[in-house]
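Working through the structure, step by step
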Amino acid sequence: MLDTSTHPITGRWPAQTPDRLQLYSFPTPNGVKVSIMLEEIGLPYEAHLVTLADSDVKSPEFLSLNPNNKIPAIIDPNGPDCEAVSLFESGAILLYLAEKSDQLMGATAADKARVTQWLMFQMGGLGPMFGQLGYFHKFAGSEIEDPRPRERYINEAKRLLNVLNTQLEGQEWIAGSYSIADIAIVPWLRGLDYYGVKELLGWSDFANLQPYVDRFLDRPAVQRGLVIPAAS
């Protein structure tokens, strides 16, 4: 059984309120998914800043919580069956919190299936492909002279944006009602600004996307979650 009072993570990031859910994160597209979700559902939590430096994410303390050395991760001392639970992988955490709170997952079994479908679209497609595009356009991969990797991810990103744009025709949110799927998707759309690729991808040609991002950013819980934990 998980004992939150003696978990190795607390040696580096001690809990001030150990009876609350503990979030270990950094405000990247994956990281803010969980802080936004927690703000949306109103569940009390304590946020700990885990930088992307190896000294943090590859520390023995963090690896004791997430052996995959990626943010975000959580410990919920009030998990199912009155037992504490720890989780990593942002999509898994969103599903867990939606089920725990009975919020942002849809009202029916069919709704939940649709929401899960679009969540998996982000986890398996949007995030990995946009991340690779960022690597080959902005980071170390941009030094590779062979144009094929960069062209591959440009084309795949355009395809994925078109999928989203088509799905949003005539509706405000990706699965009908606002859900964890939107919380997963929009932070990655915002990441295109950081990578400096919106013009390259023809962002303005996808007429439904910017209004979708704007609706998301208008939500007070989103505005709070985007800066938690503070990266200063």
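A few points on the structure. (Residues numbered from 1 in each chain as written. Predicted model: local features only at pLDDT ≥ 70, side-chain atom pairs only at ≥ 80, totals over all residues. Heavy atoms only, no water.)

With that out of the way, let us pick up the overall build of the protein. Check the secondary structure of the protein and you find ten helices and four strands. For the protein, the sequential pattern of α-helices and β-strands runs β-α-β-α-α-β-β-α-α-α-α-α-α-α. For the protein, whose C-alpha radius of gyration is 18 Å, the value lies close to the compact-globule estimate of 17 Å for 232 residues. In terms of overall dimensions, the protein has C-alpha extents of about 50 × 45 × 25 Å along its principal axes. Taking all 232 residues of the protein together, the buried fraction comes to 46%. (Helix = DSSP H or I, 4+ residues; strand = E, 2+ residues; numbered from the N terminus. Rg over C-alpha atoms; globule rule 2.2 N^0.38 Å. Buried < 20%, exposed > 50% of the residue type's maximum accessible area, 1.4 Å probe, protein only.)

Time to look at the packing of aromatic side chains. With the rule as written, the count across this model stands at ten aromatic pairs. Ring geometry for Trp118 and Phe121: centres 5.1 Å apart, planes at 65°, overall edge-to-face. Highlighted residues: Trp118 and Phe121, both in helix H5 (residues 109-137), separated by three residues, approximately one helical turn. Of the two residues examined, Trp118 and Phe121, each falls in the buried class. A centroid spacing of 6.3 Å and a plane angle of 90° characterise the contact between Phe139 and Tyr195, whose relative ring orientation is edge-to-face. Highlighted residues: Phe139 in the loop between H5 and helix H6 (148-167) and Tyr195 in helix H7 (residues 180-195), separated in sequence by 56 residues. Taking relative accessible area as the criterion, Phe139 reaches 36% and is therefore assigned partly exposed. (Phe/Tyr/Trp six-rings, centres within 6.5 Å; stacked < 30°, edge-to-face > 60°.)

Before going further, it helps to spend a moment on the environment of Val213. Turning to its location among the elements, Val213 is positioned in helix H9 (residues 209-217). Each C-alpha atom of the pair Val213 and Leu189 lies 7.6 Å from the other, and the pair is 24 residues apart in sequence. Val213 has contacts with Val186, Leu189, Arg190 and Trp203, leaving out every residue within four places of it along the chain. (Contact = heavy atoms within 4.5 Å.)

With respect to topology, four strands assemble into an open sheet ordered E2-E1-E3-E4, the strand pairing being mixed. With partners counted over all chains shown, the strands left at the sheet margins are strand E2 (45-49) and strand E4 (85-88), one partner each. Each neighbouring strand pair of the sheet contributes to a mean axis angle of 15°, computed without reference to strand direction. Here four bridges tie strand E3 (residues 73-76) to E4, and the two strands are oriented antiparallel to one another. Bridged to Ala73 within E4 is Phe88. Relative to E4, helix H4 (residues 90-101) is tilted by about 135°, and along the sheet it contacts strand E1 (21-25), E3 and E4. (Pairing = 2+ DSSP bridges. Axes fitted to C-alpha atoms, helices over the stretch in contact; angles between N-to-C directions.)

A few words on the layout of surface pockets. Looking at the largest pocket, its volume works out to about 1000 Å³. Surrounding the largest pocket, 34 residues form its lining, Thr28, Pro29, Asn30, Leu52 and Trp188 being those nearest its centre. For the lining of the largest pocket, the elements supplying multiple residues, two or more each, are helix H1 (29-41), helix H2 (54-57), H5 and H7. Among the residues making up the lining of the largest pocket, the classes are represented as 17 nonpolar, ten polar and seven charged. (1 Å grid on protein atoms, 1.4 Å probe; cavity = no way out; pocket = protein on both sides within 12 Å on 5 of 7 lines; lining within 4 Å. Points joined across faces, edges and corners; volume = space filled by probe spheres on them. Nonpolar A, V, L, I, M, F, W, Y, C, P; charged D, E, K, R; others polar.)

Bringing unusual backbone geometry into the picture now. For the peptide bond that leads from Ile71 to Pro72, omega is 0°, which places it in the cis range. That bond from Ile228 to Pro229 is cis: its omega, -10°, falls within 30 degrees of zero. One non-glycine residue, Cys82, adopts positive backbone phi at about 60°. Tracing the backbone shows Cys82 in the loop between E3 and E4. For Cys82, a relative accessible area of 77% corresponds to the exposed category. Backbone geometry places Leu104, a non-glycine residue, at a positive phi of 60°. Structurally, the position occupied by Leu104 is in the loop between H4 and H5.

Contact pair H7 / H9: the axes reach a minimum separation of 10 Å and the direction vectors enclose 115°. Of the possible angle classes, the one that applies to H7 and H9 is roughly perpendicular. For the element pair H7 and H9, the recorded crossing hand is left-handed. Side by side, H7 and H9 meet where Asp182, Ile183, Ile185, Val186, Pro187, Leu189 and Arg190 of the first sit next to Tyr212, Val213, Phe216 and Leu217 of the second. (Parallel < 35°, antiparallel > 145°, perpendicular 65-115°, else oblique. Left-handed = near helix turned anticlockwise from the far one by under 90°.)

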